[in-house]
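Remarks on the overall topology
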Amino acid sequence: MPVFILISFFILALIGLPVGIVVGLTTVLGFLYLGNDMFLSMLSQRMFSAMDSFTFLALPFFLLAGEIMNKVGLTTRLVDFSNLFFGRLKGGLAQVNIVTSIIFGGISGAAVADTAALGSIFIPAMTKQGYDKPFSTAVTVASSIIAPIIPPSIIMVLYGAIMEVSIAGLFAAGIVPGLMIGVALMILTRYMAVKRNYPTNPEKMTVKNITRRTKGAIWALLMPIVILGGILGGLVTPTEAAAVAVGLALFVGLVVYRNISFKELYNVFLRSAVTIGVITLLLSCASVLAWFLAIEQIPELVAKGFMALSDNRYVILLLINLFLILVGMFMDIGPSLLILGPILAPLAINLGVHPLHFGIMMCVNLNIALMTPPMGGCLFMGMVVSDLKLGTLVKALWPFILVEFAVLALVVYVPAITMTVPRWLGFVH
Amino acid sequence: MQTDNPSGITGFAENLGRFIEMAAGAWCVICFVAMTLVALMGVFFRYVMQNPFMWTEEVARYLLVWMGFTAISIALRQGRHIKIEIAEKVAPKPVAKFLNYLVDALIALFMGVLFYQGVLMTANNMLSASTLPLSMEWIVVAVPVGAGLTLLQLFLGVVKKIAADLTKEGAKAE
Amino acid sequence: GDDPVRVKFAHLGKADPFKAAAHAGVLAFGHVWNKSTAGKYKIEVYPRGTLGKETDLLQAVKANAVQMIVASMVSLHRIFPPSQVMMAPYIFKNDAIAWEVFDGPYGQKLLDAMTEKTGLKALAIQDLGFLAITNNKRPLVTSEDFKGIKFRAMGPLQAAMFKSLGGSAVPIPWPEVYTSLQTGVVGGQTNAAFVVDAFKLYEVQKYLSLANSQMGYQIWLCNKSWYDSLPEQDKVAFRDAVKAGRLTARNMSLLLESQAAQSLAKKGMTVTSLNGEQVSKLQKLAGPACLEWLKTQMDPKWVDELVQAVDAAEKKLGYK
Ligand code: NA
Ligand code: NA
């Protein structure tokens, strides 16, 4: 059965059918193969309810906020500002991109929203300064998966609730792996920047320049302060903060700078809406596939297969991670956690892996999957914001994916990376 | 772009497609603006009026559903849906052309099934909204509407393609 | 012999009968039905919401993609508004009175009306025990204690309850409840004690009040034409099995409640139980106001008849 699914998936994908429809049509074939046409009614039902979901609500707002910030010039000012401090380094702006993702990770709990928000800011800014677009997009996509690993994180709340693991403990455990991914990406970026001779900012860090750039960026700097302060101060939830970001960007554009016309604004909304249309097809179809796998109880079969293969902890962990990487290539992170967590975690925990450790491992793995081809939320969002083709982006992305897999391997096989902070804070005894 | 095409059919398909795209686009923008306002209202009424509405999050979600499914058809017309473009580059021209029509047929098949199931889902709907006195029919119908608009844009696109192919072959024959 | 008939049964609880009352009920149901039909049916359980949210499950059982589900107050009022009378604050003084009402003629009438309205066969009401109210300021005993605290409300009914108790109410979607309690967007919330335990809310909440405020409920549903197609003999066995399952779930949820209260106290929460007099003071504030609100949501006869049914139950059990 899974073989039949995989084959039809690849054939449909290779002839150039939109990827969302590839997934949807494969699932329809699966339903027909099972001979239960009642299941077909779940096609529209699951597609609808995948979109009728709270967790998806922040994404359009962050996307829109980023687009408006670009249009009214907030982005350029913000980038000029940070460029003054970091731009003297080779690949400085790329480093700023990564650092911003780490900071943004402390605000938002969703990676695709991060790609949308920062992609629509950094990709134009970086290309303007002379970086090539595939690299700029790849850096954005690769660093956006840090968001749900550094707390707060919607997927960790989900995981903690299904798996009965301390959510605060997961938050604590995610900090070091999240920072490690950030640092690893910065090292890779540094290496590539030197090798490819990426641009630096000629501007000197004089008091005069600092004052000028700070003044120019004052409204732009207010954005993260309002968002971060609003969330950490308990004024707004992260989703509301995304809407506030839109409101603030609109206010700056329409009242402070007065440099955006209503017609331009209309087009900004429209472009973002069409982007959401692209994402809608992908996410809603992926959720029907998840339903199909669940009703066929395929994950259970796989888990049984693992048990039959080995009872060595390291081997099982390797198998589980390879399996998650494979699953992550096709399925979205939410359904994957929901369906696979309760099936895979007991395997590992029985062999002595700490539940908190396994949770982080699973979250990191499935987060990286957000950028692995052929299907991944961040990958697609990156393509949509940059207008790049799948092949072009993947070619630029693979060194980043490899580096992140290396960090994943460390997280899997060196428990101290995950467990030290929660142990300090008393979540593990 | 082909409004002055002599065959007429192409022009008609193009104009109708563009009109539907514009109308769908306007609807998406309305949903998006309303969604933003509703979400901001939620925060405003909580802090300023100390009396938040219970329905803001739910309404924002429904507007998102409408926007997302409607926009699928716009993305199709603009060719923005994500796909793997190996076949059309590697395959010989006649094969590529055949695959292109095959892809259209498969999209039509999927959207047709989705449209049909969406209509059934709307007809069989028994839910009302959670915090509002509103039947969910008005929300779930976004799925068949989105699928229907996509089918329509697909059909108009195919009409243009066939017309163009026929013109080319006609030119060759002469 | 023939292959067993496959029956798909989905619910949102955990897959562990000792942690999820619904799962315990489903297992008991399957066991009893199997015994009395000599293994003719094979119950395939899909727990944990792997087949989707409650709204998905409702549509799935309507389409017969799944034959049976257990759905809860989160979604049931959306297919049958009168069902939310069961959540009327402070209507039941204790569990026994609620059981009497749910199992008696009023409960049956509600189920029949639901079957008629939705086309799904409503089989049984299963209470989930009383919800507890948590917060991070102080133990909630009198209405004074509710003042100045923002409570997360699941819907307008809970909002009305918190407002009439003296607090304020904020709608927060469930996925953001944990972090909202952590950052202080809201200071309190209400849920069954085992939910507070399972979803780790004790990590971000200090005080838990067992105030018999609202009774949580679930309803067992199956596809109507599937049910009608069962042989008469099996139908009888089926109904008995549902009863066994529902009673198992009810007993399990009581056990879970008591365990959760202890476990939460051990984890550092201050657990406060209110006595009859304290509850009745809160009841006077929130009870009538919420009943009035409920009357605006459905045919008012459901509310009036509930009050009568509760009264009759109290008399029958010797409370009056
Ligand atoms: Na985060
Ligand atoms: Na992927």
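Just above, that's the structure.
So, here is what we can say about the structure in this document. Being a predicted model, the structure only gives us computed values, none of them experimental.

1. Comments concerning a nonpolar patch on the surface
Residue and element names in this part refer to chain A. Together, Tyr314, Leu318, Leu322, Leu410, Tyr413 and Val414 make up an exposed nonpolar region whose accessible area comes to about 540 Å². Mapped onto the secondary structure, tyrosine 413 falls in helix H20 (residues 390-413). In this structure tyrosine 413 comes out as partly exposed when scored by relative accessible area, which is 34%.

2. Concerning the packing of helix H4 (residues 58-72) of chain A against helix H14 (residues 262-295) of chain A
Helix-helix packing is described using two parameters, namely the angle between the two axes and the distance between the axes. Residue and element names in this part refer to chain A. Contact geometry of H4 with H14 gives a least axis separation of 10 Å together with a crossing angle of 145 degrees. In terms of crossing hand, the pair formed by H4 and H14 is right-handed. Here H4 contributes Leu59, Pro60, Leu63, Leu64, Glu67, Ile68 and Lys71 to the contact with H14, which in turn contributes Glu264, Val268, Phe269, Arg271, Ser272, Thr275 and Ile276. By residue class, the composition of the contact of H4 with H14 is 8 nonpolar, 2 polar and 4 charged.

3. Description of the interface of chain B and chain A
On the chain A side, the residues contacting the 53 residues of chain B number 57 residues. Between chain B and chain A lies a buried interface of about 4,800 Å² when both sides are counted; carbon and sulfur atoms form 80% of it. When the buried area of chain B at its contact with chain A is split by residue, B:Arg80, B:Ile82 and B:Phe110 rank highest and sum to 17% of it. With its nearest N and O atoms 2.6 Å apart, the salt bridge here joins A:Asp52 to B:Arg61. The tally of links from chain B across to chain A stands at 7 residue pairs in polar contact (both at pLDDT 80 or more). Among the secondary structure elements, those contributing two or more residues to the side of chain B that touches chain A are helix H1 (9-47), helix H2 (56-77), helix H4 (93-123) and helix H5 (137-140) of chain B. By residue number, the principal contributor to the side of chain B that touches chain A is H1(B), which donates 14 residues. In the side of chain B that touches chain A, the residues fall into 40 nonpolar, 7 polar and 6 charged.

4. Comments concerning helix H19 (residues 377-386) of chain A
Residue and element names in this part refer to chain A. In terms of residue burial, H19 counts as a mostly covered element, since 9 of its 10 residues are buried. Along H19, the positions that sit buried rather than exposed are Gly377, Cys378, Leu379, Phe380, Met381, Gly382, Met383, Val384 and Ser386. Turning to H19, the residues buried within the fold contact helix H2 (19-34), H4, helix H7 (111-129), helix H8 (133-144), H14 and H20. Positive backbone phi, at 65 degrees, marks aspartate 387, one or two positions downstream of H19.

5. What about the interface of chain B and chain C?
On the chain C side, the residues contacting the 18 residues of chain B number 22 residues. Counting the surface lost from both chain B and chain C, the interface buries some 1,600 Å², and carbon and sulfur atoms represent 61% of this. Per-residue buried area on chain B facing chain C is highest for B:Met54, B:Met126 and B:Leu127; these three make up 44% of the total on that side. At the boundary of chain B with chain C, the tally comes to 0 salt bridges. Applying the counting criterion to the chain B and chain C interface returns 2 residue pairs in polar contact (both at pLDDT 80 or more). For the side of chain B that touches chain C, the secondary structure elements donating two or more residues are H1 and H2 of chain B.

6. Details of unusual backbone geometry
Of all residues except glycine, most have a negative phi; of all peptide bonds, most are trans. For the bond from A:Pro373 to A:Pro374, the omega torsion is 0 degrees, close enough to zero to count as cis. Of note in this structure, A:Asp387 is not a glycine but carries a positive phi near 65 degrees. In this structure, C:Tyr90 takes a positive phi of about 60 degrees despite not being glycine. Of note, C:Tyr90 is situated in the loop between helix H3 (73-79) and helix H4 (95-103).

7. A closer look at the pairing of strand E8 (residues 207-210) of chain C
All names here are of chain C. Two elements, strand E4 (residues 120-135) and E8, share 3 bridges in a ladder whose sense is antiparallel. Residue threonine 134 lies in a different strand from E8, and its bridge partner there is leucine 208. Bridging between E8 and strand E10 (residues 270-273) involves 4 bridges; their strand directions are parallel. Along E10, the bridge assignment pairs leucine 208 with valine 271.

8. Focus: the packing of aromatic side chains
Evaluated as defined, the whole model comprises 35 aromatic pairs over all chains. Relative to A:Phe400, the ring of A:Phe135 lies with its centre 6.1 Å away and its plane at 50 degrees, an arrangement referred to as tilted. With A:Phe135 in helix H8 and A:Phe400 in helix H20, this residue pair connects regions lying 265 residues apart in the sequence. Just as A:Phe135 is buried, A:Phe400 falls in that class too. With centroids separated by 6.3 Å and ring planes inclined at 80 degrees, the aromatic side chains of C:Phe80 and C:Trp302 adopt a geometry described as edge-to-face. On the criterion of sequence distance, the pair formed by C:Phe80 in the loop between H3 and H4 and C:Trp302 in helix H12 (residues 301-317) is long-range, its members being 222 residues apart.

Conventions used here
- Residues numbered from 1 in each chain as written.
- Chains lettered and ligands numbered in written order.
- Predicted model: local features only at pLDDT ≥ 70, side-chain atom pairs only at ≥ 80, totals over all residues.
- Heavy atoms only, no water.
- Patch = residues over 30% accessible without salt bridge, like charges linked within 9 Å, V, L, I, M, F, W, Y side chains within 5 Å.
- Areas by Shrake-Rupley, 256 points an atom, 1.4 Å probe, with all protein chains shown as cover.
- Salt bridge = Lys/Arg side-chain N within 4 Å of Asp/Glu carboxyl O.
- Helix = DSSP H or I, 4+ residues; strand = E, 2+ residues; numbered from the N terminus.
- Buried < 20%, exposed > 50% of the residue type's maximum accessible area, 1.4 Å probe, protein only.
- Axes fitted to C-alpha atoms, helices over the stretch in contact; angles between N-to-C directions.
- Left-handed = near helix turned anticlockwise from the far one by under 90°.
- Contact = heavy atoms within 4.5 Å.
- Nonpolar A, V, L, I, M, F, W, Y, C, P; charged D, E, K, R; others polar.
- Buried area = accessible area lost by both parts, 1.4 Å probe.
- Polar contact = N/O pair within 3.5 Å; in protein donor to acceptor, adjacent residues only side chain to side chain.
- Pairing = 2+ DSSP bridges.
- Phe/Tyr/Trp six-rings, centres within 6.5 Å; stacked < 30°, edge-to-face > 60°.

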